[in-house]
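Structural overview for review
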Amino acid sequence: MERTKTVVKKGVVYGSMSFYQGKKADEHNSHKWACYVRGSDDEDISTYVKKVVFQLHPSFSNPTRSIEKPPFEIHETGWGEFEIVIQLHFYDPREKRLDIPHLLQLYPKQPGSSQSTKKPVVSEHYDEIIFTDPYPEFYQRLTAGEGTPPDTQLLESSFHQELKLHYSNHSDSTMLKMLEDAYSFIKQEANEMRDKLRKADLEIQNSRSELREEEKKAREG
């Protein structure tokens, strides 16, 4: 079977979210956290992702967590930060598995920030998966496939609903707006620097003219 002559891009968001349980919580379970992967713009990635495997720290009793229905996420409690490897397995076994390393973040990294039971620590990243010349059957899944029925119990859980309230917006329009704002900021900074250089150049020219006048007066005197 020949491959299609096309490229398909899929935006995904992966990361973690942690909630501090307060000073009265067990020191070994000071945080409730989740690690997840989802589609941007609420796209159902289960049309082309067969399962997601989360590789946790070996100290966990079950460090390998395989999720085969959306939402692709795991819930845990703990106190330590460590790297989680998020593995995406696709419906076409000829497509190489994608391994995404993610550092679980439980504690605020901003200077001066303190633990809060009201505001979670969110660590999310947006990326694009590029499928080059996929086989026809998989191409159909990528463009018009039907998703896997969700795990309704997990989908309707209070923790999942809480996570959704704090998801970051990584839509294409939002990313474009961020790029436009960054371009405007850089352009403004460049214009201000250019004005400063022009002003400095003018001051140098004036200083040179004054110096020549002083030298001329000294020679004539």
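Quick look at the structure, then. In this numbering scheme, every chain counts its residues from 1 along its sequence in written order. Side-chain atom pairs in this predicted model are given and counted only at pLDDT of 80 or more, local residue features only at pLDDT of at least 70, and totals for whole chains, interfaces and linings cover all residues. Only hydrogens and water are set aside; all other atoms, that is, all heavy atoms of the structure, feed into the side-chain values.

Each reported salt bridge corresponds to a side-chain nitrogen of Lys or Arg within 4 Å of a carboxyl oxygen of Asp or Glu. Within the structure shown, the criterion is met by seven salt bridges. Across the salt bridge formed by Arg 38 and Glu 124, the nearest N and O atoms sit 3.0 Å from each other. Within this pair, whereas Arg 38 is found in strand E2 (residues 31-39), its partner Glu 124 is found in strand E8 (residues 121-132), the two being separated by 86 residues in sequence. We note a salt bridge from Asp 99 to Arg 97, for which the minimum N-O separation is 2.7 Å. On the basis of relative accessibility, which here comes to 41%, the residue Arg 97 falls in the partly exposed class. Helix numbering and strand numbering both begin at the N terminus, where a helix is a DSSP run of H or I of at least 4 residues and a strand a DSSP run of E of at least 2. Partly exposed residues are those whose accessible area sits between 20% and 50% of the maximum for their type, while under 20% is buried and over 50% is exposed, using a 1.4 Å probe and protein chains only.

With that out of the way, let us pick up the packing of aromatic side chains. Here a Phe, Tyr or Trp ring, Trp counted by its six-membered ring, pairs with any other such ring whose centre lies within 6.5 Å, and the pair is stacked when the planes are under 30 degrees apart, edge-to-face when over 60, and tilted otherwise. Per the stated rule, a full pass over the model turns up 10 aromatic pairs. The interplanar angle of 75° and the centroid separation of 6.1 Å between the aromatic rings of Trp 33 and Phe 82 together place this pair among those described as edge-to-face. With Trp 33 in strand E2 and Phe 82 in the loop between strand E5 (72-78) and strand E6 (83-90), the pair connects residues that are 49 residues apart, well separated along the chain. Relative accessible area serves as the criterion here: at 10%, Phe 82 is assigned to the buried category. Ring pairs connect the aromatic residues Tyr 48, Phe 90, Phe 131 and Phe 138, which therefore count as one cluster.

The residue Ser 46 is located in the loop between E2 and strand E3 (49-55) in this model. Polar contact is the term for a pair of N or O atoms within 3.5 Å; when the atoms are in protein, one must be able to donate a hydrogen and the other to accept it, and sequence-neighboring residues count only if both atoms are side-chain atoms. There is a polar contact of 2.6 Å between the side chain of Ser 46 and the side chain of Asp 44. Polar contacts involving the side chain of Ser 46 include one to the main-chain amide nitrogen of Thr 148, which spans 2.9 Å.

Attention now goes to the layout of surface pockets. Only protein atoms enter the 1 Å grid used here, on which a cavity is any set of points holding a 1.4 Å probe that cannot leave and a pocket is any open set flanked by protein within 12 Å on both sides along at least five of seven lines; residues with an atom within 4 Å of a point are listed as lining. Grid points are joined across faces, edges and corners, and a volume is the space filled by probe spheres set on the points. There is about 370 Å³ of room inside the largest pocket. Around the largest pocket, the lining is made up of 17 residues, and of these Arg 38, Gly 39, Asp 42, Glu 43 and Pro 71 lie nearest the centre. Going through the elements one at a time, E2, E5 and helix H3 (158-165) are the ones with two or more residues in the lining of the largest pocket. Of the residues forming the lining of the largest pocket, the biggest block, four residues, is contributed by E2. Residues are sorted three ways: Asp, Glu, Lys and Arg are charged, Ala, Val, Leu, Ile, Met, Phe, Trp, Tyr, Cys and Pro are nonpolar, and all the rest, Gly among them, are polar. Of the residues that constitute the lining of the largest pocket, the class distribution is nine nonpolar, two polar and six charged. Of the volumes computed, that of the second largest pocket is approximately 250 Å³. What lines the second largest pocket is simply Gln 105, Pro 108, Lys 109, Gln 110, Ser 113, Ser 114, Ser 116, Lys 119, Pro 120, Val 121, Val 122 and His 166.

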